[in-house]
Amino acid sequence: MSAIDLQPFLHDAQLSVAAPSFCASRPDGRIGGGADGFYHGDRRILSRLEACVAGLPNAPVAGTHGEDGQTSFVTVLRGLAELTADPAVTLERRRELRPGRLVERYTVRNAGGLTARLRLELRAESDFAAMDTVKAGRAGEPVPPIADGNGLRWHDGPLAAALTVRPAPDHLTADSGTGTLGFDLELAPGESWQAVLECTAEHRDGDLFPAPSADAAPWRTPEVTGRDHHLAHWITRSHHDLRGLLLTDPLRPADHFLGAGAPWFLTLFGRDSLWAARMMLPLGTELAAGTLRTLARRQGRAVDPATEEQPGKILHEVRRDAQHLDAGSQLPPCYYGTADATPLWLTLLHDAWRWGMPEDQVEELLPHAEAALAWLADHADADGDGFLEYVDSSGKGLSNQGWKDSSDSIRFRDGRIADAPIALSEVQAYAYEAAVAAAALLDAFGRPGADRWRQWAEDLRQRFRDRFWTEDAHGPYPVVALDGDKRKVDSIASNMGHLLGTGLLDPAESALVARRLTAPGMDSGFGLRTLDADATGFNPLGYHTGSVWPHDSAIAVHGLARAGLHDAAAPLAAGLVRASAAFDHRLPELFAGYPRSQYARPVPYPASCRPQAWAAAASVQVLQALLGLEADAPNRRLLVRAQAPAGYESLQITGLTVAGLPIEVTIDHTGAITLHAPEGFTVTTNP
C-alpha cells in the first residue's frame with residue numbers, strides 16, 4: 001500500500017462545522033494536504049487555501065476555537081521589519097463558517113520599527129473530491145479555476161464555487177489548477193491592513209439534507225454552574241458542536257436531526273442519529289421527534305438485497321452518491337445494512353414519550369412502530385433460531401452491521417474473526433428493550449399486540465441466558481456474539497455494557513457485567529476499551545479492537561446507573577470527564593486505549609471524527625447518569641438520586657426539561673441532590 005492510499009490523519013487538524021459544511025485545516029489555518037479543505041455536502045469545495053509571503057517563514061504562534069464555527073490563527077512573518085529578535089509583523093486569520101459559505105478575514109499588522117514591504121499571496125485550489133476519495137487518501141485532480149473580476153470560479157457538473165476578495169487584489173492569476181490573488185503592501189510602523197475573502201458553494205440540485213433555517217437549537221441550553229468543573233465545560237462545548245451538526249429533512253424542514261460527525265459522516269445515520277437524540281432527551285423531545293420522523297419517512301418498504309432494505313427496517317445511512325470503500329466494498333446511496341437501528345428507533349420513540357413528547361406526535365408514529373415490530377418478527381431472525389442476526393447479502397456491503405462495523409471488530413478471544421451470520425449480544429438487548437417498550441406504547445394508546453411482544457421479549461431473554469453466557473477463570477460473563485455456527489464469540493468486549501439497564505439482565509447478571517467492565521483490562525482510566533487488553537488482537541489504536549469510544553462508555557455508565565450500580569458507574573464517568581479536559585472538552589469519535597498509568601493524557605486516534613454527535617451528546621447522558629435522573633411524563637413522575645458521587649458537589653444544573661417544562665437541580669456542598677420539578681410532578685428519590 002502506498003502512502004497516498006492511507007486514510008488521512010486528523011488529530012492535529014482544526015475542524016469547524018456548520019452542517020452540511022465543515023472546514024479542516026492545519027493548526028496555523030492553512031488548508032492544503034490530507035483531509036484539509038472546505039467541504040459542503042460531502043464534496044471538497046476548496047482543497048487549498050494558503051496565505052503566504054514568498055521567501056518568508058510563516059510561523060504559527062496562536063490559535064483559538066470559538067463558538068459556532070469561528071476560529072482564528074496568528075502567525076509571524078519572520079524577518080520582516082525587525083530591528084531586534086522580537087517579531088514585528090503578524091498575520092491574523094479569522095475564519096467564520098456558515099452552511100455553504102466560508103469567510104476569512106486577514107489582518108497584517110506591523111508592530112516593528114521599520115516599514116514593512118511585502119506581497120501577500122492567497123492561493124486557492126478546488127478538486128471537488130468526493131468524501132470517499134478523501135477518506136481513502138486519494139488526491140483529487142485540481143479543477144482549473146476561472147478568473148472572474150475580483151476572484152475565482154470553479155465548476156464541476158452540478159457543483160459550483162465562487163471565491164471573492166475585498167479589496168480587489170493587485171494581481172490575479174488562474175494558472176493550471178491554482179488561482180493566486182496578490183496584494184502589494186507597504187505598512188509603516190504601527191499600521192495594519194485588512195482583507196475579507198468569501199467562498200460560497202452551491203449544488204444545482206440543492207442540499208441532500210439542508211441546514212436549519214433558524215439559529216435556535218431544538219433543545220434547551222444546558223448549563224452547569226457553581227464551582228469550576230470539567231463536566232460543565234464538556235457540556236458547554238458539546239452544546240455548540242451539536243448545533244453545528246444539525247441538519248433537516250428536506251421533505252419536512254421543521255424536522256431536525258444530528259449528522260453523525262465530521263469529516264467522514266456528516267449525514268443521516270440511523271444508529272448514530274438515534275443514539276444522539278436519545279442521549280439528548282433530558283434537554284427536550286423535539287430533536288428526538290424530528291429524528292424519528294425523518295427515519296420513518298425512509299423506513300423500508302420492500303425486500304432489496306442490493307441495499308439490504310426490508311419492510312419495516314430503519315436505514316443505516318444516506319448519501320447523495322454511492323460510497324466506494326476498501327476491499328471492493330460499495331455502499332449504495334441509501335443503505336439499510338444495520339441490525340440495530342430498527343430496535344433503537346422503537347426504544348427512542350418510547351423514551352421520548354416518557355420524557356414528554358406530545359401524545360399526538362407519538363400516536364402518528366405508531367404505524368411505523370408496528371412496521372418495525374413486524375421486521376423483528378419476519379426479517380431480523382434469518383435462520384429461525386430466535387436471535388437477531390446479520391449477514392451482508394449484497395457481497396459488497398458492511399460485513400459487520402452493529403455499531404462496531406469494521407471488518408475485524410467481532411473476534412474470538414484468541415483473535416479469530418467471527419463468520420457471519422452473526423448475532424450480537426447488544427442487538428439482542430436492544431430488541432428485548434424495544435419489544436417491552438413497544439408493548440407499553442401499544443397498551444397506552446389502545447392498540448393490540450402488547451401481550452405478544454412482552455412474551456416475545458421474555459422468550460428472547462431466556463434464550464439469551466441459555467446461549468450467550470460462558471465462564472472463564474474469573475467467573476461467568478456474556479459473550480460478544482454467536483457466530484454463523486452458533487459458537488460463542490468469547491472475547492470480553494465493551495458490547496456487554498450495552499446490556500445494562502435494558503431489562504435483559506437480572507441484578508446478579510448486571511453485577512457480573514459491572515465487575516468485568518471495571519477491571520483493569522477494560523477500564524483504561526479514560527473510558528472503556530472496546531476490547532479487553534488481555535485479548536489476542538488487542539490494539540490500543542484499533543478502531544474497534546482496543547480503542548475508547550466516548551459514546552460506548554457513556555452508554556455503559558448510564559446502564560450501570562439504571563441498574564443501581566452507581567459505585568461502578570462513577571469511576572467510568574470520571575474517566576470520560578477527565579478525557580474531555582485533555583481534548584479541550586471536545587471529545588472525539590474515539591481515542592486510543594492506552595492506560596492512564598502509561599500516559600497522563602489520552603492518546604488520539606489519528607483519523608477520528610471531531611466533533612462526533614454521540615461523543616458530544618454523551619456529556620448529557622453522563623450528567624443524567626450521575627443524577628440518576630429518569631422521567632415518566634405520562635404519569636407525572638421524576639426519579640433522581642439522593643446523593644451525587646464525590647467530586648460533583650456545589651453545582652447547579654439548568655436547561656433540563658420534561659414535557660416542555662423546566663427542571664432545575666442543585667447539588668449542595670455535601671453532594672445532596674435537590675430536584676426542582678415542574679408543578680404537578682412527583683419526585684421519587686433513590687439512594
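Conventions used here
- Residues numbered from 1 in each chain as written.
- Predicted model: local features only at pLDDT ≥ 70, side-chain atom pairs only at ≥ 80, totals over all residues.
- Heavy atoms only, no water.
- Phe/Tyr/Trp six-rings, centres within 6.5 Å; stacked < 30°, edge-to-face > 60°.
- Helix = DSSP H or I, 4+ residues; strand = E, 2+ residues; numbered from the N terminus.
- Buried < 20%, exposed > 50% of the residue type's maximum accessible area, 1.4 Å probe, protein only.
- Expected span 1.5 Å × (residues − 1).
- Bend = angle between axes of the 7 residues up to and from the residue.
- Pairing = 2+ DSSP bridges.
- Axes fitted to C-alpha atoms, helices over the stretch in contact; angles between N-to-C directions.
- Disulfide = S-S within 2.5 Å.
- Contact = heavy atoms within 4.5 Å.
- Salt bridge = Lys/Arg side-chain N within 4 Å of Asp/Glu carboxyl O.

Engineer: So what exactly am I meant to see when it comes to the packing of aromatic side chains here?
Structural biologist: When we look at a pair of aromatic rings, we describe it by the centre distance and by the angle of the planes. This model, assessed by the stated rule, comprises 15 aromatic pairs. For the ring pair Trp353 and Phe445, a centre distance of 6.2 Å and an interplane angle of 55° mean the geometry is tilted. Highlighted residues: Trp353 in helix α5 (residues 341-354) and Phe445 in the loop between α8 (425-444) and α9 (450-467), separated in sequence by 92 residues. Per residue, the accessibility class of Trp353 equals that of Phe445, and both read buried. Taking the centre distance of 5.1 Å and the plane angle of 70° together, the rings of Trp403 and Trp549 count as edge-to-face. Of the two residues, Trp403 is situated in the loop between α7 (366-378) and β25 (423-424) and Trp549 in the loop between α10 (507-517) and α11 (550-562); the sequence distance between them amounts to 146 residues. Each member of the pair, Trp403 as well as Trp549, carries the same accessibility label: buried. Connected via pairs of aromatic rings, a cluster forms that spans Trp403, Tyr543, Trp549, Tyr605 and Trp614.

Engineer: Would you mind going over helix α13 (residues 613-627) with me for this structure?
Structural biologist: In an α-helix there are 3.6 residues to a turn, and that puts residues three or four apart on one side. Relative to the 21 Å expected for 15 residues at 1.5 Å per residue, α13 spans 22 Å between its end C-alpha atoms, a close match to the ideal helical length. Along α13, the sharpest change in direction is near 30° and occurs at Ser619. The buried count for α13 comes to 15 of 15 residues, which makes it a mostly enclosed element. Once α13 finishes, Gly628 follows within two positions and takes phi at roughly 65°, a positive value.

Engineer: What am I meant to see in the sheet that holds strand β32 (residues 651-658) here?
Structural biologist: Taken in spatial order, the four strands of this open sheet run β18-β32-β33-β34, and their pairing is antiparallel. A single partner strand is all that each edge strand has here, and the edge strands are β18 (223-226) and β34 (673-676). Here the average twist between neighbouring strands, direction ignored, is 20°. Here β18 runs beside β32; their pairing, made up of four bridges, is antiparallel.

Engineer: Could you clarify how one ought to interpret the state of the cysteines in this entry?
Structural biologist: One covalent bond between the sulfur atoms of two cysteine residues makes up a disulfide. Per the stated rule, a full pass over the model turns up zero disulfides. Between Cys23, a cysteine without a disulfide, and Cys199, which holds the nearest cysteine sulfur, the sulfur-to-sulfur distance is 9.7 Å. A residue is classified by how much of its surface remains accessible, and Cys23, at 0% relative accessible area, is buried.

Engineer: What is the right way to read the pairing of strand β33 (residues 661-667) from this model?
Structural biologist: The sheet contact formed by β32 and β33 spans six bridges and is antiparallel. Paired with Gln652 across the bridge in β33 is Thr666. The hairpin formed by β32 and β33 contains two residues between the paired strands, and Ala659 there has a positive phi angle of roughly 50°. Two successive antiparallel strands, β33 and β34, enclose a turn made up of five residues, where Gly671 displays a positive phi of approximately 95°.

Engineer: What exactly am I supposed to notice about the environment of Phe387 here?
Structural biologist: You can see Phe387 is positioned in the loop between α7 and β25. According to the relative accessible area criterion, Phe387 is buried, its value standing at 1%. With 44 residues separating them along the chain, Phe387 and Ala431 place their C-alpha atoms 9.2 Å apart. Excluding its chain neighbours within four sequence positions, the residues that come into contact with Phe387 are Ala380, Asp381, Ala423, Gln428, Leu460, Arg463, Phe464, Arg467, Phe468 and Leu482.

Engineer: Mind showing me how you'd approach the pattern of salt bridges here?
Structural biologist: Should the charged atoms of two oppositely charged side chains come close, the side chains can pair. Per the stated rule, a full pass over the model turns up 49 salt bridges. When the shortest N-O distance is used, the salt bridge between Glu433 and Arg562 registers 3.3 Å. With Glu433 in helix α8 and Arg562 in helix α11, the pair connects residues that are 129 residues apart, well separated along the chain. Given a relative accessible area of 8%, Glu433 falls into the buried group. The exposure class assigned to Arg562 is partly exposed, which follows from its relative accessible area of 38%. Taking the shortest distance from any N to any O, the salt bridge between Glu458 and Arg461 comes out at 3.9 Å.

Engineer: Would you mind showing me how to read the pairing of strand β31 (residues 637-641) here?
Structural biologist: Residues in a regular strand point their side chains to alternate faces of the sheet. Of the pairings in the sheet, the one linking strand β30 (residues 630-632) to β31 comprises three bridges and is antiparallel in character. When the sheet's bridge partners are listed, Asp632 is paired in β31 with Arg637. The antiparallel hairpin formed by β30 and β31 contains four residues in its connecting segment, where Arg636 sits at a positive phi of about 55°. The pairing of β31 with strand β35 (residues 682-686) spans five bridges and is classified as parallel. Residue pairing for β35: Val640 is matched across the bridge by Thr685.

Engineer: Just checking my understanding: could you explain the sheet that holds β35 for this structure?
Structural biologist: Strands sit in the order β30-β31-β35 across an open sheet of three strands; the sheet is mixed. Among the strands making up the open sheet, the edge pair consists of β30 and β35. Taking the axes of each pair of neighbouring strands and ignoring which way they run, one obtains an average angle of 20° across the sheet.

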